[in-house]
Amino acid sequence: MNHPLASLVGPLKYACQRDFAQLGIVKDLRTLMERTLAGASGVDARALDDLRAALPHVDPPAPPEHRKAALRQVLGALKLSGVALPEELERVVVTGELNAVAAGFPRAPERAHVLEGELAAALPRRRVTPPQGVAQAGRNVVPPWKSQEPVVPPVGGARAPDAVGGATGRAGAAPPRMAEPSPRGSRPAATRASGPSGAPARESMSRTGVGADPRKGLPPAEGAAPAEKGKKKKKAKAVGAEASRSEAKLLSIAPRSGPLSAPLKTLGKRLGPRLVAVLDKKGLRRTGDILFLLPRCYEDRRRLRTIAELIPGERGVTVGTVKTADFVPGRGGKRMFRAVVGDRSGSIAATYFHAGPWLKSRFSVGKQLVLSGEVRASMNGREMAHPELEPAEDLESTTSVHFHRIVPIYPGFERGEQRSFRELAARISEQHAHHLEEPLPADLRRRYHLMGLPDALRFIHFPPEDADLEALDAHQSPAHRRLAFDELFFLQLGMALKRQDVKAEEGIAFDVAPARLDKARAALPFELTGAQARVVGDLARDMARPEPMSRLVQGDVGSGKTAVALVAAMVALQDGYQVAVMAPTEILAEQHERTFRRILEPLGFRVGLVSAAGTAKHKRTVREGVASGELHLAVGTHALLEGGVSFQKLGLVVIDEQHRFGVLQRQTLMGKGVMPDVLVMTATPIPRTLAMTLYGDLDVSIIDQLPPGRTPITTRVFNNQYRARVYEAVAAELAKGHQAYVVYPLVEESEKLDLEDATQGAGKLQVVFPTARVGLLHGRMKAEEKDAVMEAFREKQIQLLVCTTVVEVGVDVPNASVMVVESAERFGLSQLHQLRGRVGRGAAASFCFLVAGAARSWESTERLGVMERSSDGFVIAEKDLEIRGPGEFLGTRQSGLPELAVANLVRDGDLLSLAQVEARRIMDRDPKLQEPEHQGLVKALEERWEGRLALARVG
């Protein structure tokens, strides 16, 4: 049986990897630890004391140094309690300076502090064989593709821990581990101990504005006002989030070694304090970072127009002298700032509706300025509203970087700093761009006519005079395409390595003999469709192989993914292994439990629901059954992740609606077995380009056929004023004995949003449909209440179910034929498609009515139009990607992927396909990336992925 604290190893491995490189994006560790501690019994009291002392400091807003110290203390406590840690976590504890920060954590008197020597004594350098039944969290094998540089000894001359004997894995002897560079998006190496110049960590933190006060991470003093505590906490979170956002896209491919990694202050050029502050806020602290902050747009200053030549309705750039500047009365009695700028051809007004006194100093009378903005025609002549300003100090100079050329405009800089930053970028691109190492092999660049990396960056910052301005503004110039290919290629190369690494692991070879597969299929009360049978064949081939299965099954709503998962579960169960099925909601988990129980229990397999609901005795009985192996298949939500849940012999993990689970959660569940097979399923179709990006390391199967007997769903969009017609259609269906859903965006009335809510809606609909019984279902109800409502709806005791999106996933009531979505403009396309999928599950014709407000955005109108025109989930997913853009799809950092700063998945789908082909071609030819021509790839790969190749092998 697993150690009760062993489930913490996977998440901690992710949080601590690469010297805490991912710590900035790790959240909710405290919740996970509290759940685990609540179910822990028989654990060393001293270890529990240390764990509880560290709890307040493992999550934001605690400063980074406090979080690191707390996590080292957690690892030490796990070790003392008998948990077998992988080598990389042992090294974190051994080298961690616990007594410096952790001594301040409150704890029981007898454990006032944990000395590093005490922990070192408890951590033997050899690999510890875990007790029988305890899964070994992954080995720290240095992959053969890692760059082979000598280990840099720690400060003070202490030797790095020896390589683990016998852990060389499949590739033979592991090379020496590379010195790990400072991660992208984090503070420089000074954060750990001291920076390159010896500056203390505190100084580095204070510059960023995050973690400057060492008391911020500690609990507030007793008696502090609750409102004040909440405000401080929210502010600290906001600061951390802003710092994280501002750095995310800037350093994705900036080098972290060589001349370009030198701090900006070593340039020999004095930078103004305002510019330094802006650079620091954006995370630009190294010379190379400047090269990789790309312009957001360009201005054509090859020939500046006179004011008379400016065309209303177009964006223009001109130079003029300030004639007058002052605050004047505006509409509604509010003041606005208005300046008149003129040249020999005429004048133009610059107006600002929200301006402070500082603006007047920018418009000194007689000063020459560059104005840039959209030109409007007004009753008083031409004007620009809120134009961007820039001094015109060197207008006549032929060597100026600001005039007589196509000029870059950088994101996030006031016009005063634009000039300073532009000059800095010009100097660095001219003097330092040649230091960039070219990571792509020469033959690959020749094949696709790709520019060299130094030339591409020079081109982007200061394009030649004959460059295509439209292509530059659209980020489609040859230089931009080179950088986009670069990002996508290394993304695909990392995916190919993850895929290869999984395939080389030793897993479970299940017996998929025809007799067993026939028995598994025969358990189903219906025939599989052709698409389902094809996917079952894919799964059987994967499960028969000795390496772990990692397969994603995509299928539209109602395509029968659960049936496919059930056949896979039968294969594992017949071989004597347990199966874990994780669902995102209690309702879906309960539905899965009923389905699996109905089919499997007559065959002698016991099914249990691991849930947060129910009595303590019932929960304990279920957990003991799973741990002892008496329960063969466990279904649950996040409760499966708790430390108190352990498996005797876990062989297959099924994750339903996998996009709703984070990397840490998936890794935790997989860590409860020894290399189990993994099947992830989603009913949210994923566009092709996203599937290649997010799941390039997974084998993908698609169920593209609905079971027979399903009737198409008719979808109509109605404005609010036509709601009566919707009610007539609902009444007609209820009269036929069918049932209906009405979905609202809110549970209760909100002061901030003028939207209908489910609670009031239920009362209103009971009046509209007096002969029907109306039920209410939402996420704030207790589990027992939700169960009772759903059971009554299934048994047709409730005819009209008023609910929130709690029914979005997995609810299956064949008699329901109408779905009404109120305030439909507030929902995303995938949500609307999922909600529509709750009907059309029986033989009767079904309807989906989307009721929307008249005042809605272009995007929401487009979404509703797509829903009305198409019922194909894959078409809808592609349209959703077009409308929203890739940012919201990949915005989740839990994907564990490198950020895309240049590439756009909607625009650059052709480059993505080429990048995948080339990455796999290189991996096929040189699986260990050992050829001399691939050493540049190795170094770049490490920097782009920053250790994330060690993540869970799903997503």
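The rules we used
Residues numbered from 1 in each chain as written. Predicted model: local features only at pLDDT ≥ 70, side-chain atom pairs only at ≥ 80, totals over all residues. Heavy atoms only, no water. UniProt positions renumbered as here; feature names shortened; annotations may be inferred. Helix = DSSP H or I, 4+ residues; strand = E, 2+ residues; numbered from the N terminus. Buried < 20%, exposed > 50% of the residue type's maximum accessible area, 1.4 Å probe, protein only. Contact = heavy atoms within 4.5 Å. Areas by Shrake-Rupley, 256 points an atom, 1.4 Å probe, with all protein chains shown as cover. Core = buried A, V, L, I, M, F, W, Y, C linked by side-chain atoms within 4.5 Å. Pairing = 2+ DSSP bridges. Axes fitted to C-alpha atoms, helices over the stretch in contact; angles between N-to-C directions. Salt bridge = Lys/Arg side-chain N within 4 Å of Asp/Glu carboxyl O. Phe/Tyr/Trp six-rings, centres within 6.5 Å; stacked < 30°, edge-to-face > 60°. Lys NZ or Arg CZ within 6 Å of the ring centre and 35° of its normal. Expected span 1.5 Å × (residues − 1). Left-handed = near helix turned anticlockwise from the far one by under 90°. Nonpolar A, V, L, I, M, F, W, Y, C, P; charged D, E, K, R; others polar. Parallel < 35°, antiparallel > 145°, perpendicular 65-115°, else oblique. pLDDT = per-residue confidence, 0-100.

An unreviewed UniProt entry lists the chain under the name ATP-dependent DNA helicase RecG, from Corallococcus terminator. Turning to the chain, the UniProt annotation filed under Sequence similarities (unreviewed entry) states: "Belongs to the helicase family. RecG subfamily."

Right, let's get into the overall build of the chain. A tally of regular secondary structure across the chain gives 33 helices and 21 strands. In the chain, which comprises 955 residues, the share counted as buried stands at 55%. Within the chain, residue pairs in contact and separated by at least 24 positions form 75% of the contacts whose partners lie at least 6 positions apart. Of the accessible surface of the chain, which amounts to about 41000 Å², a share of 52% is contributed by carbon and sulfur atoms.

Counting residues in hydrophobic clusters, the biggest one holds 62 residues, and the most contacted among them are Leu279, Ile290, Phe421 and Phe489. When contributions to this core are tallied by element, the ones reaching two or more residues are helix H10 (273–281), helix H11 (287–291), helix H13 (415–432), helix H15 (453–461), helix H17 (478–504), helix H32 (909–925) and helix H33 (935–945). Among the elements that take part in this core, H17 stands out by supplying 11 residues, more than any other. Look past the residues within four positions of Phe421 in its chain and what remains in contact with it is Leu275, Leu279, Leu284, Ile290, Leu293, Tyr410 and Phe413.

This part is about unusual backbone geometry. Notably, His386 is not glycine yet its phi reads approximately 50 degrees, a positive angle. Position of His386 among the secondary structure elements: in the loop between strand E6 (381–385) and strand E7 (388–391). Unlike most non-glycine residues, Leu929 shows phi in positive territory, near 50 degrees. Turning to its location among the elements, Leu929 is positioned in the loop between H32 and H33.

To continue, consider the sheet that holds strand E13 (residues 650–656). Reading across from one edge, E11-E12-E10-E13-E14-E9-E15 is the order of the seven strands in this open sheet, with parallel pairing throughout. Only two strands of the sheet have a single neighbouring strand rather than two, namely strand E11 (607–610) and strand E15 (699–703). Between one strand and the next, the sheet's axes are offset by a mean angle of 20 degrees, whatever the strand orientation. Where strand E9 (residues 550–555) meets strand E14 (residues 677–682), five bridges bridge the pair, whose relative direction is parallel. Along E14, the bridge assignment pairs Gln554 with Thr682. In the packing of helix H20 (residues 561–574) onto the sheet, contacts are made with E9, strand E10 (578–582), strand E12 (633–636), E13, E14 and E15, and the angle to E14 comes to roughly 170 degrees. Where helix H22 (residues 616–628) meets the sheet, its contacts fall on E10, E11 and E12, and the angle it forms with E11 comes to roughly 125 degrees.

Turning our eyes to something else, we now look at the sheet that holds strand E16 (residues 713–719). Taking strand neighbours across the sheet as the criterion, the six strands line up as E16-E21-E20-E17-E19-E18 in an open arrangement whose pairing is parallel. Each edge of the open sheet is held by one strand with a lone partner, namely E16 and strand E18 (774–777). Neighbouring strand axes in the sheet, compared pairwise and without regard to direction, differ in orientation by 20 degrees on average. Two elements, strand E17 (residues 739–743) and strand E19 (residues 800–803), share four bridges in a ladder whose sense is parallel. The residue of E19 that forms the bridge with Ala740 is Leu800.

Moving on, we come to the pattern of salt bridges. Side-chain pairs of opposite charge can arise where the charged atoms are in close proximity. In total, this model carries 35 salt bridges according to the counting rule given. For Arg422, the salt bridge identified is with Glu390, shortest N-O distance 2.8 Å. Taken together, the positions of Arg422 in helix H13 and Glu390 in strand E7 put the pair 32 residues apart, joining distant regions of the chain. Overall, the relative accessible area of 0% leaves Arg422 in the buried class.

Quick look at the pairing of E13 now. Taken across its seven residues, E13 has seven buried, putting it largely inside the fold. Sheet analysis places E10 next to E13, joined by five bridges and oriented parallel. The partner of Gln578 across the bridge, within E13, is Leu650. As judged from the five bridges shared by E13 and E14, these two strands associate in the parallel manner. Counted as the bridge partner of Ile655 is Val680 from E14.

Per the stated rule, a full pass over the model turns up 13 aromatic pairs. On the numbers, 5.2 Å between centres and 70 degrees between planes, the contact of Phe327 with Phe337 is edge-to-face. With Phe327 in strand E2 (residues 315–329) and Phe337 in strand E3 (residues 335–343), the pair connects residues that are 10 residues apart, well separated along the chain. Measuring from ring centre to ring centre gives 4.6 Å for Tyr410 and Phe421, while their planes differ by 70 degrees; the resulting arrangement is edge-to-face. Within this pair, whereas Tyr410 is found in the loop between strand E8 (406–409) and H13, its partner Phe421 is found in helix H13, the two being separated by 11 residues in sequence. What makes Tyr410 buried here is its relative accessible area of 0%. In this structure Phe421 comes out as buried when scored by relative accessible area, which is 0%. If you follow Arg335 out to its NZ or CZ, it ends over the ring of Phe327, 4.4 Å from the centre. Between the NZ or CZ atom of Lys649 and the centre of the ring of Tyr577, over which it lies, the distance is 4.4 Å.

What follows deals with helix H21 (residues 586–600). Between its first and last C-alpha, H21 extends 20 Å over 15 residues, near the 21 Å set by a 1.5 Å rise per residue. For H21, the buried fraction is high: 12 of the 15 residues fall into the buried class.

Right, let's get into the packing of helix H28 (residues 829–836) against helix H29 (residues 858–869). The contact between H28 and H29 brings their axes to 10 Å, and the two run at 35 degrees. You can see that H28 and H29 cross each other, and the crossing is right-handed. Across the interface between the two elements, Leu829, Leu832, His833 and Arg836 from H28 touch Arg863, Leu864, Val866 and Met867 from H29. Across the contact of H28 with H29, the residue classes tally to five nonpolar, one polar and two charged.

Put simply, helix H18 (residues 514–522) and H20 touch, their axes get as near as 9 Å, and they point 130 degrees apart. It follows that H18 is oblique to H20 by the angle criterion. Relative to H20, the crossing made by H18 is right-handed. On H20, the residues that touch Arg516, Leu517, Lys519 and Ala520 of H18 are Val567, Met570, Val571 and Gln574. Here the residues of the contact of H18 with H20 sort into five nonpolar, one polar and two charged.

When the pLDDT values of the chain are averaged, the result is 75; 73% of them are 70 or greater. Contacts of residues 108–252 to residues separated by more than four positions or lying in other chains number 231 contacts, the stretch itself having pLDDT below 50.

The next thing to look at is the environment of Ala69. Its place among the elements puts Ala69 in helix H4 (residues 64–80). For Ala69, a relative accessible area of 3% translates into the label buried. Once the C-alpha coordinates of Ala69 and His57 are considered, the two residues, 12 residues apart in sequence, prove to be 8.5 Å apart.

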